[in-house]
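Structure at a glance
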Amino acid sequence: VLRDVGVESELEIAGKVKQLRDVAETIGNTIAEQRRQTVGDRTTEHATDRLRRQAQSLSAELQTIDQAIRDLRDAKDQDSRHLHEIETLALKFRRSQSARAVLSGVAFHSCPRCTQALPERPDNQCFVCGQPEEADIAESSDNALVLKDIKSRTDELREIIARHDTSLLQLLRERERLNIERSRVERERNETSQRFDSAYLSSVLTNERERSALLQQADSLAAMIRFPQMLETLRNDVNEIVAKEAALRFRLKEAREAAEKDATNINTLKELFLDCLVRSRVPGISPTDNVEMSTSSFLPELHSADLADSTVASFATLSSGGKKTLFKCCFAIAMHRLAVQVGAPLPELLIIDSPMKNISERENRDQFKGFYNLVYELKADELKDTQFILIDKEYTPPLRDLKIRVASRHMKPNDPSDHRASEQPPLIPYYRGN
């Protein structure tokens, strides 16, 4: 907005205010000089004559600016057409080079138009048209020079068009100012013509009006000087924020590079995850399998050690049955084991909503017991300070030699929610369902 009204900087506003006040002071000196003259010596011309000359001068300036605007727009249109032609030719050139690169190695045996067999040609003639082929075909370096020259020319034309736009904006702004000035002069001229004052009085009144208008315009511009100051303040704030952002991004990049160089925790997490899967007796997984983990997502992928087996087990590729849930539960347990080893601030609470709902405890008894034995053994050793909440359809007690405390609640849909009325109230007191 400040650029459109021509007051983009504080220095520019101050210069315009000084210029307006200087003109107003000159007019004030002229009025004072006219008042000091005696009536006999005064040879003041009538204000109408002076306003007429000002109006003619402003009209001539407007005509000159209008012609300059037309010439500038014609030059911009010509440069824009030239730019579009160069861009079109560049596109055709790139397409022809691509087509030539594709077709140069093709040996045509029949005409691509009529499909008739082509006659035998010498090696130095084209297979299709029979014309002699050029010995020095343009190399890729020559093509690169052509493309570089095209880019240089288009950049130059874009810069010229941008300068045209800037000059056009300045001319339009100057034309608007001259229109306003001419309207004021014409209005004062009409008012002066309607009054039959003396030459001295009409000249003084006109000068006073012009001086007041200039002073009012200078005061209005002076009041706008705080806007560039606010803009400069915002620019400084933005620069500080950008600098802070760049510094934080650099520190983040260094931290990421340092973290990626130190893969100790990731390797430990891979080992713990594979250990959980093996101890849970997940079918198809052996201690020789490999776990891969990307540093960008930290999502695990399990690769079989058998070279003939190219399948990959991950959160996305496993089926929606109990094996997928068991896969996720083992990963969560491995995360808690790693947190305990490195002292990470992970909550000491793990809620597992039965991976066995889709795994029969009768048909897959080994897998069922393997997962619960894993949880009980970790609770007795590595994760002794972690509280486990297991939600399942069957209860499997821990082995007697494991010294852990287990609380079991067999909750049924119709049990009352009041602790005093039932020893095993539901987790959600207000819920009733199957």
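Preceding this section is the structure that the text describes.
Because the structure is predicted, anything quoted here is derived from the model rather than measured.

Take the environment of Pro397 next. Topologically, Pro397 is positioned in the segment after strand 5 (387–391). For Pro397, a relative accessible area of 47% gives the class partly exposed.

The end-to-end C-alpha separation of helix 8 (residues 365–380) is 22 Å, in line with the 22 Å expected for 16 residues at 1.5 Å each. Those residues of helix 8 not exposed but buried are Gln367, Phe368, Gly370, Phe371, Tyr372, Asn373, Leu374, Val375, Tyr376 and Leu378.

We now examine the nonpolar core. Ranked by size, the top nonpolar core spans 34 residues in total, and within it Phe273, Leu277, Leu302, Phe327, Ile333, Ile352 and Phe371 carry the most contacts. For this core, the secondary-structure elements that each account for two or more residues are helix 6 (264–279), strand 1 (290–293), helix 7 (322–342), strand 4 (349–353) and helix 8. Sorting elements by how many residues they give to this core places helix 7 first, with eight residues. Membership of the second largest hydrophobic core comes to ten residues, among which are Ala55, Leu58, Ile65 and Leu72.

Position of Lys270 relative to the elements: it lies in helix 6. For the buried residue Lys270, which engages in no salt bridge, the nearest side chain bearing the opposite charge is Glu292, 4.1 Å off. In this structure Lys270 touches Val291, Glu292 and Met293, once residues within four positions along its chain are discounted.

Moving on: the side chain of Thr268. When you line up the elements, Thr268 lands in helix 6. When sequence neighbours within four positions are dropped, the list of residues in contact with Thr268 reads Leu338 and Gln341.

Looking now at the state of the cysteines. All chains considered together, the criterion is met by zero disulfides. Free cysteine Cys330: the closest other cysteine sulfur is in Cys276, separated by 5.6 Å.

Let us look at a nonpolar patch on the surface. On the surface, Leu349, Ile351, Ile389 and Ile391 cluster together to form a nonpolar patch covering roughly 310 Å² of accessible area. Listed by contribution, the elements that provide at least two residues to the nonpolar patch are strand 4 and strand 5.

Taking every second residue as pointing to the same face, the buried face of strand 2 (residues 300–303) carries Pro300 and Leu302, while none of Glu301 and His303 on the other face is buried. Taken together, strand 1 and the strand that follows it, strand 2, pair antiparallel across an intervening segment of six residues, in which Phe298 is found at a positive phi of about 60 degrees. Of the pairings in the sheet, the one linking strand 2 to strand 3 (residues 312–314) comprises three bridges and is antiparallel in character. Looking at strand 3, one finds that Glu301 is bridged to Ser314.

Summed over all chains, the structure comprises six aromatic pairs. Seen from their ring centres, Phe273 and Phe331 are 5.5 Å apart, and the 85 degrees between their planes marks the pair as edge-to-face. Taken together, the residues Phe273 in helix 6 and Phe331 in helix 7 connect sequence positions 58 residues apart. Between Tyr372 and Tyr376 the ring centres are 6.1 Å apart and the planes differ by 45 degrees, which places this aromatic pair in the tilted class.

Read across the sheet, three strands follow the order 1-2-3 without closing on themselves; strand pairing throughout is antiparallel. Each edge of the open sheet is held by one strand with a lone partner, namely strand 1 and strand 3. Across the sheet, the axes of successive neighbouring strands diverge by a mean angle of 30 degrees, strand direction being ignored. Along the sheet, helix 6 makes contact with strand 1 and strand 2, crossing strand 1 at roughly 135 degrees.

Here is what the cut-offs are and how they apply
Every chain is numbered independently, its residues counted from 1 as its sequence is written. Local features in this predicted model are restricted to residues whose pLDDT is 70 or higher, and side-chain atom pairs enter the listing and the counts only when it is 80 or higher, whereas totals over whole chains, interfaces and linings include all residues. To get the side-chain values, all heavy atoms of the structure are used, and hydrogens and water are removed first. Numbering of helices and strands runs from the N terminus; a helix is a DSSP stretch of H or I covering at least four residues, while a strand is a stretch of E covering at least two. For each residue, the accessible area found with a 1.4 Å probe, counting protein chains only, is set against the maximum for its type, and the residue is called buried under 20%, exposed over 50%, and partly exposed in between. Expected helix span is given by 1.5 Å per residue-to-residue step, counting one fewer step than there are residues. What we call a nonpolar core is a set of buried Ala, Val, Leu, Ile, Met, Phe, Trp, Tyr and Cys residues that are connected through their side-chain atoms within 4.5 Å. Neither His nor the chain ends contribute to the count of charged residues, in which Lys and Arg are positive and Asp and Glu negative. For this analysis, a salt bridge means a side-chain nitrogen from Lys or Arg found within 4 Å of a carboxyl oxygen belonging to Asp or Glu. We call two residues contacting when some pair of their heavy atoms lies within 4.5 Å. In plain terms, two cysteine sulfur atoms within 2.5 Å form what is called a disulfide here. Like-charged residues within 9 Å of one another, or nonpolar side chains (Val, Leu, Ile, Met, Phe, Trp, Tyr) within 5 Å, are grouped into patches, provided each residue has over 30% relative accessible area and no salt bridge. Each accessible area is a Shrake-Rupley result for a 1.4 Å probe, and residues are judged covered by the shown protein chains and nothing else. Strands are labelled as partners when DSSP assigns at least two bridges between them. Two aromatic rings, drawn from Phe, Tyr or Trp (for Trp, its six-membered ring), form a pair once their centres lie within 6.5 Å of each other, and the interplanar angle then sorts them: stacked below 30 degrees, edge-to-face above 60, tilted otherwise. Every angle, taken between N-to-C directions, lies between 0 and 180 degrees, and every axis is a line fitted to C-alpha atoms, over only the stretch in contact when it is a helix.

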